[in-house]
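Residue strings, one per chain:
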Amino acid sequence: MDAGKRFAEDRCGHDKVGAGHLSQKRPTQDFGSLALRFLVAIDVEGFSHRHAAEQARAQDDLEHAMTRAAANARLDLDRWYRQPRGDGELAVLPEGTNGLSLVADYPRQLACTIAAANQTGRPGPRLRVRMAIHHGAVAPGCFGPVGAAPVVISRLVDGEVVRQQLRQRSDLDIALIVSATVYSEVIQSRMHDLNPDAFRRTIIRAKGIAYAGYLFQGTFISRDYVIPPPRQPVTA
């Protein structure tokens, strides 16, 4: 057992603390005392305006959408440290995560799986989320990850400019913002069809500190996107 994992367990007894509907145990913080990792934050838009049944359904739909999207992007969701936050989650990804799969493929796949959830015809508000991706320093803490990276990604996903994009663009189910680090290290590679020109630089100010981010201006899928039927098994 590495020092970071032992540190978290010894201080907090994470194996004895429930973590909601996502797991019977709090996920292990498998990063060391200080590590550079990718982080993802997702929040459901308008969560507090839903009644309890709608909130529970939004959580279930989001969990299902994220699970399918991660699998389609070839990301191992079971290895993520996932901290539920009621209206979403903060996730720290494991060492060796493919940044291109995360930044280029995962949001696209999530847009498709959320669209599928929204095409069920059930009453109530449709599922729409704000999503932030960052890469930075994180360490284990008693109540979850600590360090600069969790603060940065929390400020980005809560930014007014991200909320405003969902208000102004009814065609979107996802408003995506990435940190300056992710933009320079991943987006500007232009690999996996990433286009730096599709992101607009913005400054989010919170508690007297300015955080630079890049807000995605494009569209992942069209609003008339139709979920293809599942493939039928080939029979002899």
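To be clear, the structure that these remarks concern was listed above.
Report follows, based on the coordinates. Given the structure is predicted, the values throughout are model-derived calculations rather than measurements. Here the residue index of a chain counts from 1 through its sequence in written order. The predicted nature of this model means local features are confined to residues of pLDDT at least 70 and side-chain atom pairs, given and counted, to a pLDDT of 80 or more, with totals for whole chains, interfaces and linings taken over all residues. Only hydrogens and water are removed before side-chain values are computed, so all heavy atoms of the structure are retained for them.

Working definition: helices are DSSP H or I runs of at least four residues, strands are E runs of at least two. Numbering for both runs from the N terminus. With respect to the helices, strands and loops of the structure, Thr202 is situated in strand 6 (residues 199-206). In this structure, Thr202 is in contact with Val161, Ile177, Tyr211, Ala212 and Gly213, ignoring residues within four places of it in sequence. The contact criterion used throughout is that any non-hydrogen atoms of two residues lie within 4.5 Å.

With 7 of its 10 residues buried, helix 4 (residues 148-157) lies for the most part within the structure. Each residue is assigned to one of three classes by its accessible area relative to the maximum for its type, calculated with a 1.4 Å probe on protein chains only: buried under 20%, partly exposed between the two thresholds, exposed over 50%. Along helix 4, the residues that are buried comprise Ala149, Pro150, Val152, Ile153, Ser154, Leu156 and Val157.

Further remarks concern the pattern of salt bridges. Salt bridges, as used here, are contacts in which a Lys or Arg side-chain nitrogen is within 4 Å of a carboxyl oxygen on Asp or Glu. Tallied over the entire structure, the rule returns 11 salt bridges. In this structure, the salt-bridge partner of Asp43 is Arg130, at a minimum N-O distance of 3.2 Å. Of this pair, Asp43 sits in strand 1 (residues 35-44) while Arg130 sits in strand 4 (residues 129-138); the two residues are 87 residues apart in sequence, bridging distant segments of the chain. With its nearest N and O atoms 2.7 Å apart, the salt bridge here joins Arg82 to Glu63. Taken as a pair, Arg82 in strand 2 (residues 81-84) and Glu63 in helix 2 (residues 52-72) lie far apart in primary sequence, 19 residues in all. Owing to a relative accessible area of 10%, Arg82 belongs among the buried residues under this scheme. Residues joined by salt bridges that share partners form a network here, namely Asp43, Glu45, Arg85, Arg130, Asp158 and Arg163.

Our next topic: the pairing of strand 4. Taken across its 10 residues, strand 4 has 9 buried, putting it largely inside the fold. Taken together, the 5 bridges between strand 4 and strand 5 (residues 174-179) define a ladder with parallel strand orientation. Bridging across to strand 5, Arg130 finds its partner in Ala175. Strand pairing follows a simple DSSP-based rule, namely that at least 2 bridges must link the two strands.

All right, on to the packing of aromatic side chains then. Centre distance within 6.5 Å is the pairing criterion for rings of Phe, Tyr and Trp, where only the six-membered ring of Trp is used; planes under 30 degrees apart are then read as stacked, over 60 as edge-to-face, and the remainder as tilted. For the structure shown, the criterion picks out 5 aromatic pairs. Both rings, one in Tyr183 and one in Phe199, keep their centres 6.3 Å apart while their planes meet at 65 degrees; by these two values the pair is edge-to-face. Within this pair, whereas Tyr183 is found in helix 6 (residues 180-185), its partner Phe199 is found in strand 6, the two being separated by 16 residues in sequence. For the pair formed by Tyr183 and Phe199, the shared burial category is buried. Ring centres of Phe199 and Phe216 lie 5.1 Å apart, and the angle between their planes is 50 degrees; on these two criteria the pair is classed as tilted. Residue Phe199 is located in strand 6, and its partner Phe216 is located in strand 7 (residues 209-216); the two are separated by 17 residues in the primary sequence. Phe199 sits in the buried class, given a relative accessible area of 10%. Grouped by ring-pair contacts, the aromatic residues Tyr183, Phe199, Tyr214, Phe216 and Phe220 constitute a single cluster.

A few words on the sheet that holds strand 3 (residues 88-92). What the 7 strands build is an open sheet, ordered 2-3-1-4-5-7-6; its pairing is mixed. This sheet does not close on itself; its edge strands, each paired only once, are strand 2 and strand 6. Going from strand to strand, the sheet's axes swing by 25 degrees on average, the running direction of each strand aside. Strand direction decides the pairing type here: strand 2 and strand 3, joined by 4 bridges, are antiparallel. Residue Gln83 lies in a different strand from strand 3, and its bridge partner there is Leu90. Note on definitions: angles span 0 to 180 degrees between N-to-C directions of axes, and those axes are lines fitted to C-alpha atoms, for helices only across the stretch in contact. In the packing of helix 2 onto the sheet, the strands contacted are strand 1, strand 2, strand 3 and strand 4, and the crossing angle to strand 1 comes to about 140 degrees.

Right, let's talk about helix 5 (residues 160-168) for a bit. Burial in helix 5 covers these residues: Val161, Val162, Gln165 and Leu166. Along the axis of helix 5, the buried residues cluster in a sector spanning 145 degrees; they form a single face. What points out from helix 5, more than 90 degrees from its buried face, is the exposed set Arg167 and Gln168. In the core, the buried residues of helix 5 are packed alongside strand 4, helix 4, strand 5, strand 6 and strand 7. Comment: arc refers to directions from the helix axis out to C-beta atoms.

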